[in-house]
Structures are given as structure tokens and as C-alpha cells.
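# Coordinates in review
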Amino acid sequence: MRIATWNVNSIRQREQHVARWLDRAEPDVLLLQEIKCESHAFPALAYHGLGYQAEAVGQKAYNGVAVLSRRPFVCRGRSLPGLPESDAQARYIEIETEGIILLGIYLPNGNSGGAEGYAYKLAWMDALASHAEALMAEDKPLAILGDFNVCPTDEDLAPGTLPKTDALVRPESRARFRRLIWAGLTDAVHAMHPHGPVWTFWDYQGGAWQRDLGLRIDHALLSPELAERLVAADPDRDARGEPQPSDHVPVVVDLA
DNA sequence: ATGCCGGGTCCTACCCGA
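Residues numbered from 1 in each chain as written. Chains lettered and ligands numbered in written order. Predicted model: local features only at pLDDT ≥ 70, side-chain atom pairs only at ≥ 80, totals over all residues. Heavy atoms only, no water.

A few words now on the sheet that holds strand β9 (residues 186–187). Read across the sheet, 6 strands follow the order β5-β6-β7-β8-β12-β9 without closing on themselves; strand pairing throughout is mixed. Since the sheet does not close on itself, it has two edges, and those belong to β5 (74–77) and β9, each with one partner. Note: strand β6 (residues 92–97) against strand β7 (residues 100–106), 6 bridges, orientation antiparallel. Bridge pairing links Glu96 to Ile101 in β7. Against the sheet, helix α3 (residues 114–137) engages β5, β6, β7 and β8 (142–147), with an angle of about 175° to β7. Running at roughly 30° to strand β12 (residues 218–222), helix α4 (residues 171–182) makes contact with β9 and β12 of the sheet. (Pairing = 2+ DSSP bridges. Helix = DSSP H or I, 4+ residues; strand = E, 2+ residues; numbered from the N terminus. Contact = heavy atoms within 4.5 Å. Axes fitted to C-alpha atoms, helices over the stretch in contact; angles between N-to-C directions.)

The structure is reproduced here in C-alpha cells:
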């Protein structure tokens, strides 16, 4: 079984990139982030011919997540439990397929909006960890994939790319990422590439791609049963070299 | 420490991303 995650930075700009990638990589499930459109505007029909059904959780202009799956699935949730009712940001989708619960997340960046913006990121991570712990207690196979907007350690960013104060590397962000690991989840890419470096994002600016100055912020976390089945976990760097690419590449996880 | 790039939108200057 092949599961993947990809922050596409606008599905309208990347509709054909995704179609080509599905055709090439043949994932069973692809979780998308930053579709940047409302749910009804997601181009589901463009992927039906390739055998994929879509479910989108969108909003105008910002954020937005979606699922493309060629296996039957049910949508279990369209917002992260534990956040205030007033929170309307489209950052979460939860499905079940083949007995596996899959969470697709677009975690807040945390650098905009000052102290309030960073507090929102941490609250979001607290709610995610609480929900993950509850799901783990049910003993069902669980995977959390998406753009976490966290470099878990200093090995997960090219030297000099971010200041120490950046929300992606601050201790509070990293502590909350570790809470997910302590809950029993395995960081799939790290498990397969413990000595790195491995990047999933390169900034559009400053020739970051050409200089290979990237970050590892897109992750796949697996519950123990799925971690036992892990055979490969890799970013698809080829996607970053295409014309008009997203600044993120797909992260692909293969399970036996 | 940043917004040079690249997306978005009350269409055009400004917000947001990492």
C-alpha cells in the first residue's frame, strides 16, 4: 500500500502536476494541503479518469486540504476535534480506508499574527496530540500525514536557512512534535533515513532549490502496526525540478 | 532575520507562506 502527502500550493495552479504525479507514482491515497480553494471548487473530475475519488475541505484563498484515493474510503471528520467551535480554518481531514485511520493535516505556520499566531499553532498541536492519543488508545492502525510546519531537530533544516526564533524550529513547536512521537508514533522518513539530510521543501527565493537549501517539514507518522509494515519513505525530489513547481514535494510511504 | 518568489483577493496594493 502506498500513501503520500503533498502541499501543492494551490490546486488550481497545480491541477496537472497532481494528475501527472498520480499517473507516475500510483499512490493508493494522496493527502493534499494548501489547495487554496473552496471545497466545491476542487477539481475532482480531473482525477476520476485516473481512478481516484476526492474529498475536499477547503476555504477561500488560504489553507485547504483534500484526499484523493483509489481505494474505497469513508470521511470520518472535516475538522480537528478539541479546537474552538469558532475555528473555521480548513486544515484537517480524517478518513478510514482498509481499516486504517488516516489524518491529513496542514498545521499552522505560526510566524504570522504575532504572539497570537504562534499560540494558535501550539493550541492546534496540543489538540492534534490529544486526538492522536485518543485514537492510539483504540488500537486501530493510524497514520498522520501532512505539512506539520515543524523541523523536528536541527538535522531537519539546511544550516542558516531559518533563525532560531522561527516558529518552525522553536522549542515549544518541537516539544509538541515529540509528544506525538512519545504517543507511540514513528516518524517514517526519519526511520528510513536516520542520518539525513532529507528535505521536503525548498523556498522559491534565493536559489534555494539550486543550492539544495531545504527543510524537512512534511511528515508521515505511523502507529506501531503500520511502522512494522514500513518498507520505504521518501520525498519525491523530481517534483521540485518541474516547471512551475510547488515549493513542497510529495512524501511517499510504502507499506507491506 | 528576511518575503528577493509565488500564491491568493474586495483588481491592485496588500496579505500570507516557511
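Here the narrative resumes, following the displayed structure.
Moving on, we get to the protein's contact with DNA strand B. Around DNA strand B, a shell composed of 26 residues is seen, among which Glu34, Asn109, Ser112, Asn149 and Leu215 lie nearest. Within 4 Å of the protein, the atoms of DNA strand B are drawn from sugar and phosphate moieties in a proportion of 67%. Within the contact set of DNA strand B, a base nitrogen lies 3.2 Å away from a side-chain nitrogen or oxygen of Asn111. Note that a base oxygen of DNA strand B is positioned 2.9 Å from one of the backbone N or O atoms of Thr161. The biggest single contributor to the surface near DNA strand B is helix α1 (residues 11–25), with 3 residues. (Near = heavy atom within 4 Å. Polar contact = N/O pair within 3.5 Å; in protein donor to acceptor, adjacent residues only side chain to side chain.)

The term disulfide refers to a covalent linkage connecting the sulfur atoms of a pair of cysteines. Tallied over the full model, the rule gives 0 disulfides. Of all cysteine sulfurs in the structure, the one in Cys75 sits closest to Cys37, which takes part in no disulfide; the separation is 16 Å. (Disulfide = S-S within 2.5 Å.)

Gaps between atoms show up when a probe of the same size as a water molecule is rolled over them. Volume-wise, the largest pocket comes out at about 670 Å³. Lining the largest pocket are 35 residues, with Tyr106, Asn109, Gly110, Asn149 and Leu168 sitting closest to its centre. Contributing elements (two or more residues each) for the lining of the largest pocket: α3, β10 (201–202) and β11 (214–215). Along the lines of polarity and charge, the residues of the lining of the largest pocket split into 13 nonpolar, 15 polar and 7 charged. (1 Å grid on protein atoms, 1.4 Å probe; cavity = no way out; pocket = protein on both sides within 12 Å on 5 of 7 lines; lining within 4 Å. Points joined across faces, edges and corners; volume = space filled by probe spheres on them. Nonpolar A, V, L, I, M, F, W, Y, C, P; charged D, E, K, R; others polar.)

So, on to the sheet that holds strand β14 (residues 251–255). Strands in a sheet are paired, the pairing made by backbone hydrogen bonds, and the direction either parallel or antiparallel. Strand order in the open sheet made by the 6 strands is β3-β4-β2-β1-β14-β13, with mixed pairing throughout. Two strands in the sheet have a free side with no partner beyond their single neighbour: β3 (53–57) and β13 (230–235). On average, each strand axis in the sheet is tilted by 10° relative to the strand beside it, whichever way the strands run. Pairing geometry for β3 and strand β4 (residues 65–69), over 5 bridges, is antiparallel.

With that settled, consider α3. Look at α3: 35 Å from first C-alpha to last across 24 residues, which is about the 34 Å you get at 1.5 Å a residue. Note on α3: the residue one or two positions beyond its end, Asp139, has a positive phi of about 65°. (Expected span 1.5 Å × (residues − 1).)

Next up on the list: the side chain of Arg14. Among the structural elements, Arg14 can be located in helix α1. Summary of buried charges: Arg14 has no salt-bridge partner, and the nearest side chain of opposite charge, Asp247, is 6.4 Å away. (Buried < 20%, exposed > 50% of the residue type's maximum accessible area, 1.4 Å probe, protein only. Lys, Arg positive; Asp, Glu negative; His and termini not counted. Salt bridge = Lys/Arg side-chain N within 4 Å of Asp/Glu carboxyl O.)

Attention now goes to the nonpolar core. With 27 residues, the main nonpolar core has Leu102, Leu222, Val253 and Leu255 as its most contacted residues. Residues within four places of Leu102 in sequence aside, it is in contact with Ile3, Val29, Ile93, Glu94, Ile95, Thr97, Ala143 and Leu145. Judged by nonpolar contacts, the second largest core, of 26 residues, contains Leu30, Ala56, Trp199 and Val252. (Core = buried A, V, L, I, M, F, W, Y, C linked by side-chain atoms within 4.5 Å.)

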